[in-house]
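Summary of structural features
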Amino acid sequence: MTTINKGENKFYVGDNIKEPLAEITFIQIGDTKIVIDHTYVSDELRGQGIAGELVEQVVLFAREKNRKITPLCPYAKNKIEKTPEFRDVLGV
């Protein structure tokens, strides 16, 4: 299993937060909303389900903070909409 680190408004894989091997970034709006704006996975990690794990981390974070997610990133939007257990945090 891959170690996923938490940064300010991001979850990432790798030792360097400024040059991660994979990341998902988001913006927190007020106390109710998280907007996912970007997901990236390096070539060396592609095909291992890392992007899905990153989305799951944001979903867990949203639940913990009692917030809804608005996914602007196409990957995150697709993943959340197609995963029934994630739909509870899907906002508009």
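Heads up: the structure comes first, above all this text.
Each value, and the rule that gives it
Note that residues are indexed from 1 along each chain, following the sequence as it is written. Given that the model is predicted, a residue must reach a pLDDT of at least 70 before its local features are reported, and side-chain atom pairs must reach 80 or more before they are shown or counted; all residues, however, enter totals for whole chains, interfaces and linings. For side-chain calculations, the full set of non-hydrogen atoms in the structure is used, while hydrogens and water are omitted. Basic side-chain nitrogens of Lys or Arg form a salt bridge, by our definition, when they fall within 4 Å of a carboxyl oxygen of Asp or Glu. The numbering of helices and of strands both runs from the N terminus, where a helix is a DSSP run of H or I of at least 4 residues and a strand a run of E of at least 2. With a 1.4 Å probe rolled over the protein chains alone, any residue whose accessible area is under 20% of its type maximum counts as buried; one over 50% counts as exposed, and the rest are partly exposed. In this description, a nonpolar core means a group of buried Ala, Val, Leu, Ile, Met, Phe, Trp, Tyr and Cys residues linked to one another through side-chain atoms lying within 4.5 Å. Any two residues having at least one pair of non-hydrogen atoms within 4.5 Å are treated as being in contact. Centres within 6.5 Å make a pair out of two Phe, Tyr or Trp rings, where for Trp the six-membered ring is used; the pair is then stacked when the planes are under 30 degrees apart, edge-to-face when over 60, and tilted otherwise. Both a distance and an angle decide whether a charge sits over a ring: NZ of Lys or CZ of Arg must be within 6 Å of the ring centre and within 35 degrees of the ring normal.

Moving on: the pattern of salt bridges. Following the criterion strictly, the structure yields five salt bridges and no others. Note that E81 and K77 form a salt bridge whose closest N and O atoms lie 2.6 Å from each other. Of this pair, E81 and K77 both sit in helix 2 (residues 74-82), four residues apart, which is roughly one turn of the helix. We classify E81 as partly exposed; its relative accessible area is 35%. The class of K77 is partly exposed, set by a relative accessible area of 37%.

What follows concerns the nonpolar core. One finds I36, V58 and I69 to be the most contacted residues of the largest nonpolar core, which totals 23 residues. Contributions of two or more residues to this core are made by strand 2 (10-13), strand 3 (22-29), strand 4 (33-41), helix 1 (50-65) and helix 2. Broken down by element, this core gets its largest block of residues, eight residues, from helix 1. Filtering out sequence-adjacent residues up to four positions away, V58 remains in contact with F11, I24, F26, I34, I36 and I69.

Right, let's talk about the packing of aromatic side chains for a bit. One pass over the structure, following the stated rule, counts three aromatic pairs. Pairing F11 with F61 gives two aromatic rings, centres 6.1 Å apart and planes at 75 degrees, and the pair type is edge-to-face. Of this pair, F11 sits in strand 2 while F61 is found in helix 1, placing the two residues 50 residues apart along the sequence. Summarising the burial analysis for this pair, F11 and F61 share the class buried. Linked through ring pairs, F11, F26 and F61 together constitute an aromatic cluster. For K6, the ring lying beneath its charged end belongs to F11, and the centroid distance is 5.4 Å. A cation sits over an aromatic face here: K6 above F61, 4.8 Å from the ring centre.

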